[in-house]
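Structure assessment
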Amino acid sequence: MIKMKNKEISHEIINAPVDTNVKFRTSTDPGSYIPMHWHRAVEIIYMQEGSLDVTIESENFTIQKGDCIVINGNVLHSTKCTSPNTAILLQIPLDFMEKYIPNPGKLIFLFDFRTKDQRQQTKQSMFKTILEQLQIINDVRPDGYLLRFNSLMFELLFQLYHNFAVKILQNNTSQEKKDMDRLEPVLDYISEHYREPISLNEIAEVACLQTGYFCRFFKKKMGITFLEYQNEYRLSFIYRDLITTRDPVHVILERHGFTNYKLFRRMFLEHFGNTPTQIRKQREIL
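Residues numbered from 1 in each chain as written. Predicted model: local features only at pLDDT ≥ 70, side-chain atom pairs only at ≥ 80, totals over all residues. Heavy atoms only, no water.

Turning next to the pattern of salt bridges. Side chains bearing opposite charge may pair, as long as their charged atoms lie close to each other. Within the structure shown, the criterion is met by ten salt bridges. Here aspartate 241 and arginine 255 are joined by a salt bridge, their closest N and O atoms 2.8 Å apart. Linking aspartate 241 in helix α8 (residues 226–244) with arginine 255 in helix α9 (residues 249–255), this pair joins segments that are 14 residues apart in sequence. Assessed through its relative accessible area of 33%, arginine 255 is described here as partly exposed. For aspartate 247, the salt bridge goes to arginine 255, with nearest N and O atoms at 2.6 Å. A single network of salt bridges, built from pairs that share partners, joins Arg240, Asp241, Asp247 and Arg255. (Salt bridge = Lys/Arg side-chain N within 4 Å of Asp/Glu carboxyl O. Helix = DSSP H or I, 4+ residues; strand = E, 2+ residues; numbered from the N terminus. Buried < 20%, exposed > 50% of the residue type's maximum accessible area, 1.4 Å probe, protein only.)

Bringing the packing of aromatic side chains into the picture now. Summed over all chains, the structure comprises 23 aromatic pairs. Summarising the aromatic geometry, the rings of phenylalanine 127 and phenylalanine 164 are spaced 5.7 Å apart at their centres and angled 80° between planes, so their arrangement reads as edge-to-face. One end of the pair, phenylalanine 127, is in helix α3 (residues 118–140); the other, phenylalanine 164, is in helix α4 (residues 145–164), with 37 residues separating them in the sequence. For the pair shown, phenylalanine 127 and phenylalanine 164 are each scored as buried. Put simply, the rings of Tyr33, Tyr239, Phe258, Tyr261, Phe264, Phe268 and Phe272 touch in pairs and so form one group of aromatic residues. Cation over ring: lysine 80 sits above phenylalanine 272, and NZ or CZ is 5.7 Å from the ring centre. (Phe/Tyr/Trp six-rings, centres within 6.5 Å; stacked < 30°, edge-to-face > 60°. Lys NZ or Arg CZ within 6 Å of the ring centre and 35° of its normal.)

Under the 1.5 Å per step criterion, the end-to-end length of α8 is 28 Å for 19 residues, consistent within 8% with the ideal 27 Å. Where burial is concerned, most of α8 is hidden: 15 out of the 19 residues are buried. (Expected span 1.5 Å × (residues − 1).)

Our focus in this paragraph is the packing of helix α6 (residues 200–207) against helix α7 (residues 211–222). Their axes nearest at 9 Å, the elements α6 and α7 cross at an angle of 80°. Relative to α7, α6 is oriented roughly perpendicular. Contact residues: Leu200, Asn201, Ile203, Ala204 and Ala207 in α6; Thr211, Phe214 and Cys215 in α7. Grouping the constituent residues of the contact of α6 with α7 by class yields six nonpolar, two polar and no charged. (Axes fitted to C-alpha atoms, helices over the stretch in contact; angles between N-to-C directions. Parallel < 35°, antiparallel > 145°, perpendicular 65-115°, else oblique. Contact = heavy atoms within 4.5 Å. Nonpolar A, V, L, I, M, F, W, Y, C, P; charged D, E, K, R; others polar.)

What follows deals with the environment of isoleucine 198. Here isoleucine 198 lies in the loop between α5 (170–193) and α6. Each C-alpha atom, one on isoleucine 198 and one on aspartate 179, is 21 Å from the other, the two residues being 19 residues apart in sequence. Those residues within four positions of isoleucine 198 in sequence are excluded, and the remaining contacts are Tyr189, Ile190, His193, Ile203, Phe226 and Gln230.

What follows concerns the state of the cysteines. One pass over the full model with this rule turns up zero disulfides. For cysteine 68, which is in no disulfide, the shortest distance to another cysteine sulfur is to cysteine 81 and amounts to 17 Å. You can call cysteine 68 buried: its relative accessible area is 1%. Cysteine 215 takes part in no disulfide bond, and the closest cysteine sulfur, belonging to cysteine 208, lies 15 Å away. The class of cysteine 215 is partly exposed, set by a relative accessible area of 31%. (Disulfide = S-S within 2.5 Å.)

Right under this line is the structure:
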């Protein structure tokens, strides 16, 4: 769902067009794995075909055709697409929301696509209808389309704020911001040097922490160890190259700095349920 530029995986920078102030598109994903990352934007994914595996902090689930999720800004999440899918993808920068919603950083938007509550289902249905209207106007782009697009966007923001916003404690948000600020240069460094061996002492210095404390801090915030994250980061690029090129597997591994083939095979099987050869054969059948 997200373009595979190195820095965009760790903490994606949302460069929205000035005429809409949001990033909106119909995304066709042939297959991807995006490890844990965050961005200073609310991200909305509305599945239209296929499915997508999503992890938000420590919760794992799969969204199918017709499901819509809202990922709050500055929240760690990852996605995995193992077969082609199509979705509406909308990213609303918090800086833009701040102009119209009081203190959006103190809010979370609760959008439980699995809810059985009929009132919530009705509100979610209205929300998805606006996303579909935004898609139509964005695809057709008649004369004056920006007037209609932006009017729909503000209606969507109103619904998001009015129907799904919940206030959170300020001290919680302050600590989260401090933690993310500390993680930011670490993930930047990984994105720039992931092809190379990075020692624990080296990365701890980037975070300005003692090695032992850094290891505990990273595991607590990211849910996995630093070494596991570095290998998952490499795996995301390896998977992309595996399904989009005919390069030999050992060449792809070397390109992205994964030197332990036995570990790679184990990780790949855990994430994708098949060997690289089997994945490629499935793609050929499709």
